[in-house]
Amino acid sequence: MPRPMSGAMLAALTTGLLQPAIFVSIGFANETLYIWSGTGNIVWNSQTWSGVGSLGGISMIEDGTSLDARGITITLSGIDSTALAEALQNLQIALPVVIYFGLFSGGSLIPDPFIAWQGRTDRATIDVSGETSTIALNCESRLLDMDIAPDRRYTLEDAQIFNPGDLGMEFVTSISLYTLVWGFPISSTNL
């Protein structure tokens, strides 16, 4: 899938040495976590992003020609037991996850990293070993919503939800009680 890039990003791709950077925002029940693939803190998009360095990982982001919902897994390792308890308490499914791809040139971030993937949190797998833990957060694409049947009815009351005053469905319930004769009635004289 083509992704829109800023002019600065396109120009930087034609130059020499570039350093890629991944920015990830993950929604939790009480806050949104902003992390990035480098070390230290960086301010971008009016947020302070905390560097996780080699303690973070993202599974391969797949694109294809078919319309499939492809999920990813975000892994955070080296989490101490106190942070793990807080993360488990605030973990909630169906909150937004956005992954941005950016580039550094000459030590500074090139403006406007683009969205590489976005979806929602699904479930977490936790591996505790010793004093540190690893959380693998499965995230699903919003395309999964295509498999959910809409909870709508062909009734006047349902039509009023989005279009108050619309009377297009006013006689739908009476149609089920109506007997319709199509064509000529069958009788012994027209056989």
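Residues numbered from 1 in each chain as written. Predicted model: local features only at pLDDT ≥ 70, side-chain atom pairs only at ≥ 80, totals over all residues. Heavy atoms only, no water.

**Topic: the nonpolar core**
Nonpolar side chains in soluble globular proteins tend to end up buried together. We apply this condition: What makes a nonpolar core is a set of buried Ala, Val, Leu, Ile, Met, Phe, Trp, Tyr and Cys residues whose side-chain atoms join them at distances within 4.5 Å. Each residue gets one of three labels from its accessible area relative to the maximum for its type: buried under 20%, exposed over 50%, partly exposed in between, using a 1.4 Å probe on protein chains only. Helix and strand definitions follow DSSP, with helices as H or I runs of at least four residues and strands as E runs of at least two, each counted in order from the N terminus. Throughout, a residue-residue contact means that at least one pair of heavy atoms, one from each residue, lies within 4.5 Å.
Residues Ile26, Ile74, Ile99 and Cys139 are the most contacted members of the largest nonpolar core, which totals 17 residues. Those elements that provide at least two residues to this core are strand 1 (19-27), strand 6 (72-80), helix 2 (81-90), strand 7 (96-105), strand 9 (114-129) and strand 10 (132-141). The element best represented in this core is strand 6, accounting for four residues. In this structure, Cys139 is in contact with Gly71, Ile72, Ile74, Val97, Trp117, Arg120, Thr121 and Asp122, ignoring residues within four places of it in sequence. Residues Ala21, Phe23, Trp36 and Leu109 belong to the second largest nonpolar core, which totals ten residues.

**Details of the pattern of salt bridges**
Oppositely charged side chains can form a pair if their charged atoms are brought close together. Keep this limit in mind: One side-chain nitrogen of Lys or Arg within 4 Å of one carboxyl oxygen of Asp or Glu is enough to make a salt bridge.
Across all of its chains, the model carries four salt bridges by this definition. As a salt-bridge pair, Arg153 and Asp151 come within 3.8 Å of each other at their nearest N and O atoms. The same class applies to Arg153 as to Asp151, namely exposed. A salt bridge links Arg152 to Asp158; the shortest N-O distance between them is 2.6 Å. Overall, Arg152 belongs to the partly exposed group, its relative accessible area being 39%.

**Looking at the pairing of strand 6**
Along any regular strand the residues' side chains alternate between the sheet's two faces. To be explicit about the condition: Note: two strands are recorded as paired if DSSP finds a minimum of 2 bridges between them.
Alignment of strand 5 (residues 56-58) against strand 6, held across three bridges, turns out to be antiparallel. For Gly57, the partnering residue across the bridge sits in strand 6 and is Thr75. Of the strand pairs in this sheet, strand 6 and strand 10 are connected by seven bridges, and their pairing is antiparallel. Across the sheet, the residue bridging to Ile74 is Leu137, located in strand 10.

**Quick look at the packing of aromatic side chains**
Keep this limit in mind: Think of it this way: a Phe, Tyr or Trp ring, Trp meaning its six-membered ring, pairs with another when their centres are within 6.5 Å, and the plane angle makes it stacked under 30 degrees, edge-to-face over 60, tilted otherwise.
Applying the stated criterion across every chain, the model contains nine aromatic pairs. With 5.6 Å between their ring centres and 40° between their planes, Trp36 and Phe104 make a pair best called tilted. With Trp36 in strand 2 (residues 32-36) and Phe104 in strand 7, this pair connects stretches of sequence that are 68 residues apart. Three or more aromatic residues joined by ring pairs make a cluster, and in this case those are Phe23, Tyr34, Trp36, Trp44, Trp49, Tyr100 and Phe104.

Fair warning: the whole summary comes from geometry, so function is off the table for now.
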